[in-house]
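Understanding the architecture of this molecule
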Amino acid sequence: MGQQDVWRLLSRTLPFPKCPTLEASRVSSLRRARVVLQHLRMSVHTEAPEVLLERRGCAGVITLNRPKFLNALSLSMIRQIYPQLKKWEQDPETFLIIIKGAGGKAFCAGGDIRALSEAKKAKQNLTQDFFREEYTLNNAIASCQKPYVALIDGITIGGGVGVSVHGRFRVATERTLFAMPETGIGLFPDVGGGYFLPRLQGKLGYFLALTGFRLKGRDVHRAGIATHFVDSEKLHKLEDELLALKSPSAEDVAGVLESYQAQSKMDQDKSVVFEEHMDKINSCFSANSVEQIIENLQQDGSPFAIQQLKVINKMSPTSLKITLRQLTEGSSKTLPEVLTMEYRLSQACMEGHDFDEGVRAVLIDKDQSPKWNPASLKEVTNEDLNSYFKSLGSSDLKF
């Protein structure tokens, strides 16, 4: 029944005798009908779009607009962002592109993995289309000829990293929370993680990838994931100043960002969370196998090492082995080559057991007790691992 049908039903009245009580009842009924109609109209017209694409000042502005879902990326959002990004890149009146998240809590909490798991069970093509188009967008951001500014205020995880870290400018705040926790859901740190993670200082990227360790605030900048750090309360003013620039160059954009960073004193004297552990991270995570990393941590025996052992032992054994090889190979590949490799890995993971089990344990039943299969590292053979990295042939990702 449509809104017009409801209106006709509620508007239909029968003649009442001239009775004050009945007349009052009739008026009351009409008032209730109007309230119902008002709510119906609001429900029809207030459903917000998942992503806002606006041309403002000198910039194209992308706003991820699913705050109730922490701005998690859907395929629909990716399909709206990619062509608009390409249009703005070619538009002589658009000088920079800004991407941000709505709601104040998250920039983007990753891809909508629950939808992917449900589609996989229903034997739909979403898992192929989503990863292919997401990685194509990641590559387009990296190759974008216009300055790309990601305001990564709040939660920035997985797919949210993919639509920010490959851009020229990434602005963190004290509210930024970065993580690549995919080994805990039977996946691997994708969206180009195999490219940017091994290029962080020392073995920091390997540590972040295998453990899903969270970086917060200024540490995201100090790790090299963000290019700038700005107080969250200044973001609106920063954005307004960027939009007001006249035909800005990348250097002009950088100048504005640097001026705001210079004003920020928040957590300036706070020690870097990973700095005191960098020697241990470099020594323990410099290994050719996950088993050797575990042995290194056991031999170290420090409280830090013991904590990382506890974390790693909860992760999918298959995901851990995939991730170490992904980063090792990715360290010498171009981003398009890495994304092609990761597309192969994503499709192999969708065919495996651990992804569905990880989503169940973390997002559906929330028992945090996944039953991995294989259940141990020694059960994940080299033959098993090689099968994840094999070419998909004509269906492989191409740029």
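Of regular secondary structure, the protein possesses 18 helices and ten strands. Considering only intrachain contacts with a sequence separation of at least 6, the fraction spanning at least 24 residues in the protein is 73%. Of the roughly 19300 Å² of accessible surface on the protein, 51% is carried by carbon and sulfur atoms.

With that settled, consider the side chain of Ser346. Position of Ser346 relative to the elements: it lies in helix 16 (residues 335–351). Assessed through its relative accessible area of 0%, Ser346 is described here as buried. Here Gln347 takes part through its side chain, which lies 3.1 Å from a polar atom of the side chain of Ser346. Excluding residues that lie within four positions of it along the chain, Ser346 makes contacts with Phe131, Tyr135 and Phe188.

Moving on, we get to the packing of helix 15 (residues 317–330) against helix 18 (residues 382–389). Running from amino to carboxyl end, helix 15 crosses helix 18 at an angle of 60°, the nearest separation of the two axes being 10 Å. Between helix 15 and helix 18, the interaxial angle falls into the category oblique. Where helix 15 crosses over helix 18, the two elements pack in a sense that is right-handed. From helix 15, Thr318, Lys321, Ile322, Arg325, Gln326 and Glu329 reach across to helix 18, where they touch Leu385, Asn386, Tyr388 and Phe389. Here the residues of the contact of helix 15 with helix 18 are counted per class, giving four nonpolar, three polar and three charged.

Taken as a whole and judged by the stated rule, the model has 18 salt bridges. The shortest N-O distance in the salt bridge between Arg325 and Glu329 comes to 2.9 Å. Of this pair, Arg325 and Glu329 both sit in helix 15, four residues apart, which is roughly one turn of that helix. With relative accessibility at 24%, the residue Arg325 sits in the partly exposed group. Exposure remark for Glu329: the relative accessible area of 26% places this residue in the partly exposed category. The partner of Arg360 in a salt bridge is Asp365, and the shortest N-O contact between them spans 2.8 Å. Bridged by salt links that share partners, the residues Glu357, Arg360, Asp365 and Asp367 form one connected network.

Bringing the sheet that holds strand 1 (residues 51–56) into the picture now. Read across the sheet, six strands follow the order 1-2-3-5-7-10 without closing on themselves; strand pairing throughout is mixed. For this open sheet the edge positions go to strand 1 and strand 10 (228–229), each flanked by a neighbour on one side alone. Sheet contacts for helix 3 (residues 75–90): strand 1, strand 2 (59–64), strand 3 (96–101) and strand 5 (148–152); angle to strand 1, the most-contacted strand, approximately 15°.

Here we take up the side chain of Lys146. With respect to the helices, strands and loops of the structure, Lys146 is situated in the loop between helix 5 (126–143) and strand 5. Once residues lying within four places of it in the same chain are set aside, the contact partners of Lys146 are Trp88, Glu89, Asp91, Thr94, Phe95, Leu96 and Ile97.

Attention now moves to the nonpolar core. Of all hydrophobic cores here, the largest spans 87 residues; its most connected members are Leu64, Phe178, Leu204, Leu208, Ile225 and Phe285. Sort the elements by how many residues they give to this core and helix 16 lands first, with nine residues. For Leu64, the residues in contact, after removing those within four places along its chain, are Glu50, Val51, Asn71, Leu73, Met77, Ile81, Ile99, Lys100, Gly101, Ala102, Phe107 and Cys108. Counting 20 residues, the second-largest nonpolar core is a separate cluster that includes Ile98, Leu238, Leu242 and Ala254.

This part takes up the packing of aromatic side chains. Applying the stated criterion across every chain, the model contains five aromatic pairs. Every member of this aromatic cluster is reached through a ring pair, and the members are Phe207, Phe213, Phe285 and Phe304. The cationic tip of Arg199 hangs over the ring face of Tyr195; the distance from NZ or CZ to the ring centre is 3.9 Å. The ring of Phe389 has Arg325 sitting right over it, with the charged end atom 4.2 Å from the ring centre.

This part takes up the sheet that holds strand 6 (residues 155–157). A sheet is described by the order of its strands in space; here four strands give the open sequence 4-6-8-9, paired in mixed fashion. Here the strands that pair on one side only, and so sit at the sheet edges, are strand 4 (106–108) and strand 9 (215–216). Relative to strand 6, strand 4 runs parallel, the two being bridged by two bridges. The partner of Cys108 across the bridge, within strand 6, is Thr156.

All right, on to the pairing of strand 7 (residues 169–172) then. Burial along strand 7 is two-sided: the residues Phe169 and Val171 and Arg170 and Ala172 are all buried. The pairing of strand 5 with strand 7 spans four bridges and is parallel. Directly across from Val149, in strand 7, lies its bridge partner Phe169. Here strand 7 pairs with strand 10 via two bridges, running parallel. Pairing of Ala172 across the sheet is with Phe229, part of strand 10.

Put simply, the largest pocket is a space of about 1100 Å³. Ala109, Ile113, Ile157, Val362 and Leu363 are, among the 38 residues lining the largest pocket, the residues nearest its centre. Where the lining of the largest pocket is concerned, the elements lending two or more residues are helix 4 (113–121), helix 5, strand 6, strand 8 (177–179) and helix 17 (354–364). Considering each element in turn, the lining of the largest pocket owes the most residues, four residues, to helix 4. One number sums up the size of the second largest pocket: a volume of about 270 Å³. Sort the elements by how many residues they give to the lining of the second largest pocket and helix 14 (residues 303–312) lands first, with three residues. Looking at the lining of the second largest pocket, its residues break down into four nonpolar, three polar and two charged.

Thresholds applied
- Residues numbered from 1 in each chain as written.
- Predicted model: local features only at pLDDT ≥ 70, side-chain atom pairs only at ≥ 80, totals over all residues.
- Heavy atoms only, no water.
- Helix = DSSP H or I, 4+ residues; strand = E, 2+ residues; numbered from the N terminus.
- Contact = heavy atoms within 4.5 Å.
- Areas by Shrake-Rupley, 256 points an atom, 1.4 Å probe, with all protein chains shown as cover.
- Buried < 20%, exposed > 50% of the residue type's maximum accessible area, 1.4 Å probe, protein only.
- Polar contact = N/O pair within 3.5 Å; in protein donor to acceptor, adjacent residues only side chain to side chain.
- Axes fitted to C-alpha atoms, helices over the stretch in contact; angles between N-to-C directions.
- Parallel < 35°, antiparallel > 145°, perpendicular 65-115°, else oblique.
- Left-handed = near helix turned anticlockwise from the far one by under 90°.
- Nonpolar A, V, L, I, M, F, W, Y, C, P; charged D, E, K, R; others polar.
- Salt bridge = Lys/Arg side-chain N within 4 Å of Asp/Glu carboxyl O.
- Pairing = 2+ DSSP bridges.
- Core = buried A, V, L, I, M, F, W, Y, C linked by side-chain atoms within 4.5 Å.
- Phe/Tyr/Trp six-rings, centres within 6.5 Å; stacked < 30°, edge-to-face > 60°.
- Lys NZ or Arg CZ within 6 Å of the ring centre and 35° of its normal.
- 1 Å grid on protein atoms, 1.4 Å probe; cavity = no way out; pocket = protein on both sides within 12 Å on 5 of 7 lines; lining within 4 Å.
- Points joined across faces, edges and corners; volume = space filled by probe spheres on them.

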